[in-house]
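# A look at the structure
Here are the chains, one letter per residue:
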Amino acid sequence: MTAENVFLTKKSLDDVLCSPFSMIGKGWYLLTAGTPENYNTMTASWGAMGEIWGTPSLHCFVRTNRYTLEFLERYEIFTASFFDAGYKPMLKFCGSNSGRDVDKIKVTGLDPIELEGGVTFRQARSVIVCHKMYIGDLQPEGFVQAETYDKWYADQPMHREIVGGVLGYYERLH
């Protein structure tokens with residue numbers, strides 16, 4: 001893995017035109033934390049983009065039993081990497097297999113690269129690099145509609161929210 005990146009170009013956040021609803025909810029992304037020597041990645045399909053505390057931000061939600069959460073808690077930098085539609089099988093694999101049990105990078109053929117102190121992948125179409133600003137657990141008593149809690153958490157671990165301040169947004173060079 002090299003720190004030099006010739007595949008992605010940094011864009012001004014004012015020039016970013018995207019639909020977070022499509023990018024996150026329909027397209028999914030790889031959430032990656034750690035260092036080039038020690039990192040883990042997982043597929044995520046929940047999150048939000050916006051501004052909080054005067055900072056452009058990405059909000060990610062990770063179940064408390066996920067291996068990647070250990071890396072998100074330990075390291076300050078994380079990335080959200082978005083891919084073209086043809087990568088959906090790879091995203092499915094990375095979302096249904098744990099880095100505790102399988103080498104996702106070897107199996108999928110992803111090519112990790114370093115970007116602003118974080119780890120992303122050469123195949124990514126776009127990448128958001130963040131520094132961690134906040135981590136907190138969703139609470140059962142916070143659900144206004146009991147059926148939402150029952151549907152998503154009755155027999156599943158809760159999610160932990162990670163708020164990242166956006167350090168940079170990158171798009172693949174064409």
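Now for a look at the structure at hand. (Residues numbered from 1 in each chain as written. Predicted model: local features only at pLDDT ≥ 70, side-chain atom pairs only at ≥ 80, totals over all residues. Heavy atoms only, no water.)

### Brief notes about the side chain of S57
Filter applied, for reference: Secondary structure elements follow DSSP: runs of H or I no shorter than four residues count as helices, runs of E no shorter than two count as strands, and numbering proceeds from the N terminus. It only takes one pair of heavy atoms within 4.5 Å for two residues to be counted as in contact.
Residue position: S57 is located in strand β5 (residues 55–63). Residues in contact with S57, not counting those within four places in the same chain, are A48, M49, G50, E51, I52, V163, G164 and V166.

### Brief notes about the pairing of strand β9 (residues 126–137)
In plain terms, the rule: Two strands make a pair as long as DSSP finds a minimum of two bridges between them.
Where strand β6 (residues 77–82) and β9 come together, six bridges link them in antiparallel fashion. Each residue of the ladder has a partner; that of F82, found in β9, is S126. Where β9 meets strand β10 (residues 159–172), 11 bridges bridge the pair, whose relative direction is antiparallel. Following the sheet pairing, V129 is matched in β10 by G168.

### Here we look at the pattern of salt bridges
Threshold: For this document, the term salt bridge refers to a Lys or Arg side-chain nitrogen within 4 Å of an Asp or Glu carboxyl oxygen. Whether a residue is buried, partly exposed or exposed follows from its accessible area with a 1.4 Å probe, protein chains only, as a fraction of its type maximum: under 20%, in between, or over 50%, in that order.
Inspection of the entire model under this criterion finds eight salt bridges. Measuring nitrogen to oxygen at the nearest pair gives 3.0 Å for the salt bridge that ties K10 to E116. With K10 in strand β1 (residues 8–11) and E116 in the loop between β7 (112–115) and β8 (118–121), the pair connects residues that are 106 residues apart, well separated along the chain. For K10, a relative accessible area of 47% corresponds to the partly exposed category. Residue R122 pairs with D111 through a salt bridge whose shortest N-O separation is 2.5 Å. With a gap of 11 residues between them, R122 in the loop between β8 and β9 and D111 in the loop between α4 (104–108) and β7 connect regions that are remote in the sequence. One network of salt bridges, with partners in common, ties together E73, D137 and R160.

### Some thoughts on the packing of aromatic side chains
We count it as follows: For this analysis, a ring pair means two rings from Phe, Tyr or Trp (six-membered ring only for Trp) whose centres lie within 6.5 Å, classed as stacked if their planes differ by under 30 degrees, edge-to-face if by over 60, and tilted for the remaining angles. Sitting over a ring, as applied to charges here, requires NZ of Lys or CZ of Arg to be within 6 Å of the ring centre and within 35 degrees of the ring normal.
The full count for this structure, using the stated rule, is nine aromatic pairs. Both rings, one in Y29 and one in F82, keep their centres 5.3 Å apart while their planes meet at 35 degrees; by these two values the pair is tilted. In this pair, Y29 sits in strand β2 (residues 29–35) while F82 sits in strand β6, placing the two residues 53 residues apart along the sequence. Here Y29 and F82 have matching classes, each one buried. One residue, K88, lies across the ring of W28, its end atom 3.7 Å from the ring centre.

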